Amino acid sequence: MSEVSGRQVRAKRLFDLPVVFVKSIRRPRGIFLTFSCLASSILVPILSSCSFQPTSVTLSSGPAGGYYNRMAEQISNSTETTVGIKIRNLDSRGSEENLERLFKRQVDFALVQLDVANQAMQQGKVQAVAVVANEYVQIITIKKSGLQTFADIQGKRVAVGTPGSGIRFTTSQLINADKLTIQKDDSDLNAAFRKLNAGQVDALAYVGSLIASKNIRQNFVNNPNLKILPIEPELINNLTILNPDSYQRAILPIGTYTSRPPIPDKQIPTLSTATVLVTRPDTDQEKVKQVTWSILSTARTYSQFYPELQNGKANELLRKGLFYVHPAAEEVFEEGDPSGVIIRYWKNNTDLQSGVFILVTTSFLGLMIQQWRRRSSQKMLNITNSRISQLKNLLAESPQQALRAIEDLSQEHRLIFIDGIVTTEVYEQLQQKTQTFANECRLQLEQQRKKFVMDTLLLVDEWQATLQTNPEVALQNLGQLKQHYRDMLLADQVDIEAYIELMELTLISIMTLVPRKNDFPQAF
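Here's a quick rundown of the structure. Computed from a prediction, not measured in an experiment: that's the story for all the values here.

### Things to note about the overall build of the protein chain
Move 1: Summing up its helical and strand segments, the protein chain has 18 helices and 12 strands in all.
Move 2: Burial status across the protein chain gives 46% buried among its 524 residues.

### Concerning the packing of aromatic side chains
Each aromatic ring pair is characterised by the separation of its centres together with the angle its planes make.
Move 1: By the definition in use, this model includes 5 aromatic pairs.
Move 2: Summarising the aromatic geometry, the rings of Tyr67 and Phe305 are spaced 6.0 Å apart at their centres and angled 45° between planes, so their arrangement reads as tilted. In this pair, Tyr67 sits in helix 3 (residues 67-82) while Phe305 sits in the loop between helix 10 (285-297) and helix 11 (314-317), placing the two residues 238 residues apart along the sequence. For the pair Tyr67 and Phe305, a shared accessibility class is recorded, and that class is buried.
Move 3: Between Phe220 and Tyr257, the ring centres sit 4.6 Å apart and the planes meet at 15°, which makes this aromatic pair stacked. Of this pair, Phe220 sits in helix 8 (residues 214-222) while Tyr257 sits in the loop between strand 9 (248-252) and strand 10 (258-259), and the two are 37 residues apart along the sequence.
Move 4: Look at Phe220 and you get buried, because its relative accessible area is 1%.
Move 5: Residue Tyr257 is classed as buried on the basis of its relative accessible area of 5%.
Move 6: Cluster of aromatic residues (ring-pair linked, three or more members): Tyr67, Tyr68 and Phe305.
Move 7: When the ring centre of Phe103 is taken as origin, the NZ or CZ atom of Lys125, which lies over that ring, is 5.5 Å away.

### Comments concerning the environment of Pro264
Move 1: Within the element layout of this structure, Pro264 appears in the loop between strand 11 (262-263) and strand 12 (268-279).
Move 2: A sequence separation of 11 residues divides Pro264 from Pro253, and the C-alpha atoms of the two residues are 7.3 Å apart.
Move 3: Discounting residues that sit within four places of it in the chain, Pro264 has contacts with Leu252, Pro253, Ile254, Gly255 and Thr256.

### Some points on the pairing of strand 1 (residues 56-60)
Move 1: Here strand 1 lies mainly inside the structure; 4 of its 5 residues are buried.
Move 2: Of the strand pairs in this sheet, strand 1 and strand 2 (residues 86-90) are connected by 5 bridges, and their pairing is parallel. The partner of Val57 across the bridge, within strand 2, is Ile87.
Move 3: For the crossover that starts at strand 1, traverses helix 3 and ends in the parallel strand 2, the hand is right-handed.
Move 4: Pairing analysis gives 2 bridges linking strand 1 to strand 3 (residues 109-113), with the strands arranged parallel. Within strand 3, the residue paired with Ser60 across the bridge is Ala110.

### Observations regarding the side chain of Thr256
Move 1: Following the sequence through the fold, Thr256 ends up in the loop between strand 9 and strand 10.
Move 2: Given a relative accessible area of 16%, Thr256 falls into the buried group.
Move 3: Within the structure, Thr256 has its side chain in polar contact with the backbone oxygen of Pro253 (distance 2.5 Å).

### Structural notes on the environment of Thr362
Move 1: In this fold, Thr362 is placed in helix 14 (residues 350-395).
Move 2: Thr362 sits in the partly exposed class, given a relative accessible area of 44%.

### Comments concerning the pattern of salt bridges
Move 1: Here the structure, examined in full by the defined rule, presents 13 salt bridges.
Move 2: For Lys104, the salt bridge is made with Glu100, and the minimal N-O distance between the two is 4.0 Å.
Move 3: Judged by relative accessible area, Lys104 falls into the exposed class, the value being 53%.
Move 4: A residue is classified by how much of its surface remains accessible, and Glu100, at 38% relative accessible area, is partly exposed.
Move 5: Glu330 is the partner of Arg319 in a salt bridge, and the nearest nitrogen-oxygen pair spans 2.5 Å. Residue Arg319 is located in the loop between helix 11 and helix 12 (327-335), and its partner Glu330 is located in helix 12; the two are separated by 11 residues in the primary sequence.
Move 6: Look at the salt bridges and you will find they share partners, linking Arg93, Glu97 and Arg101 into a network.

### A few points about the nonpolar core
Taken as a class, soluble globular proteins show a tendency for nonpolar side chains to be buried jointly.
Move 1: If you look at the biggest cluster of nonpolar residues, it comprises 51 residues, and the most contacted ones within it are Met71, Ile75, Leu111, Val276, Leu277 and Leu318.
Move 2: Considering every element that reaches this core, the biggest residue donor is strand 4 (residues 127-142), with 6 residues.
Move 3: Every residue in contact with Leu277, bar those within four places of it in the chain, is listed here: Leu59, Ile75, Phe109, Ala110, Leu111, Gln127, Ala128, Val129, Ala130, Val291 and Ile295.
Move 4: In terms of nonpolar packing, the next biggest core, distinct from the first, is built from 42 residues, Phe193, Leu204, Tyr257 and Leu271 among them.

### Quick look at the side chain of Gln290
Move 1: With respect to the helices and strands, the residue Gln290 is situated in helix 10.
Move 2: In this structure Gln290 comes out as buried when scored by relative accessible area, which is 8%.
Move 3: A distance of 2.7 Å separates the side chain of Gln290 from the side chain of Glu286, its partner in a polar contact.

### Structural notes on helix 7 (residues 189-198)
Move 1: Considered for burial, the residues of helix 7 that qualify are Ala191, Ala192, Phe193 and Leu196.
Move 2: Of the surrounding secondary structure, the elements contacted by the buried residues of helix 7 are strand 4, strand 5 (157-159), strand 7 (203-208), helix 8 and strand 8 (226-229).
Move 3: Sitting at the head of helix 7, Asp188 places a side-chain oxygen 3.3 Å from the backbone nitrogen of Asn190.
Move 4: Looking one or two places after helix 7, you find Gly199, whose phi comes out positive at around 80°.

Each value, and the rule that gives it
- Residues numbered from 1 in each chain as written.
- Predicted model: local features only at pLDDT ≥ 70, side-chain atom pairs only at ≥ 80, totals over all residues.
- Heavy atoms only, no water.
- Helix = DSSP H or I, 4+ residues; strand = E, 2+ residues; numbered from the N terminus.
- Buried < 20%, exposed > 50% of the residue type's maximum accessible area, 1.4 Å probe, protein only.
- Phe/Tyr/Trp six-rings, centres within 6.5 Å; stacked < 30°, edge-to-face > 60°.
- Lys NZ or Arg CZ within 6 Å of the ring centre and 35° of its normal.
- Contact = heavy atoms within 4.5 Å.
- Pairing = 2+ DSSP bridges.
- Right-handed = clockwise from strand over helix to strand, strands pointing away.
- Polar contact = N/O pair within 3.5 Å; in protein donor to acceptor, adjacent residues only side chain to side chain.
- Salt bridge = Lys/Arg side-chain N within 4 Å of Asp/Glu carboxyl O.
- Core = buried A, V, L, I, M, F, W, Y, C linked by side-chain atoms within 4.5 Å.

Below, the structure is given as structure tokens:
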């Protein structure tokens, strides 16, 4: 019995250890700080990468090899190297066609002149992402043409750009504002220069960045007889006042295209409008953020189109003069890297940190405790099986002792279940095992009791036979029988109820066989 009790104590101590650990885990500050660091180190990368990351977008630009097309290639390089987004660059005739594609949802983004997109912006159909260049209005003619100012093109043959191009739109705006009548030519830029040199047109219009158009520069280098017509101050004033969100005053510096001879040979008053990357208001915000950030973070690479970006403040220059900026782009200009916005929100929100810390730590503890309970449950099943195997060896000799031991084990299981160390499912398995063995013990006790009764009856019969021949020996045998029952009781082979039942059975038998009073008073 002492061996069984010792095993019970060791088993109880073994299964108490995890409970002590779980209770003590609330106390040490070091463990708390460890979980805090763990939560932060795991959560920040998750938060910074949890947002949807687009992989490709479409952009409508301009004629192959032209200024807009090269601008789109630069944007594509920026997005691919900074945010991993590939841009599908679609050629077009120019700003008006790009805007039309955007309306029809054929593309995600478009490069347009600001004056072309202005009306659509006012109507809420499109919104700006960034200014990527400034385009200058340039009316080019031959020095011997006799033309001195923009107003002199009245009635002349002028190449105003191809249909759908921003050049054609801006030139038409100036002609209509100045109430001029001209003979329009729809040639593209290369064909327009050929016609100008051949005398087939009197002038051509170009709207573009000063340093981005290699074609324009090369034509001025090849033909020093070209010149640029100034725009009258009154026309400049009229357009900048009526359309301040489309046009700004500008000056073409001396020697912009060549220095010897300088072309232009004097400062030329003109107008400028911005080259703007635009999108629809309902374009996915994550796309807009990523594209905006790619341009902002590589702003100096756009100085070939927008010289001020070389040394200026990019987040100001890229939205200079814009009234209708996409909210996602505005957020990037104000906050910077869109992934950094999430991290900053995390750092500045202590309530969120506390909530997430509790969530992470409790989840971690829950998983740890669940795993521990699973292992503990398996250990408990193994220990129970081992204990029952040991008690089975005791069952034949002392079923009463085995029954008490298995009942003690069942009580241990109940306490462990109350402490939450084992699951309900495992507890039911343990109860089933202990209950099955307890039933075996009770069956063995019942069989033992019946055997004791039969043995007692046989002893009484034997005592009766001896009584007739040798009363003294019969009396001695009766004393031995009583001592045998006492030994069984002390050895825990029978319980007190069985002992009393055997003694009563013996007494009743003797009283029946020997009705005389006081024959054997000393026996009981």
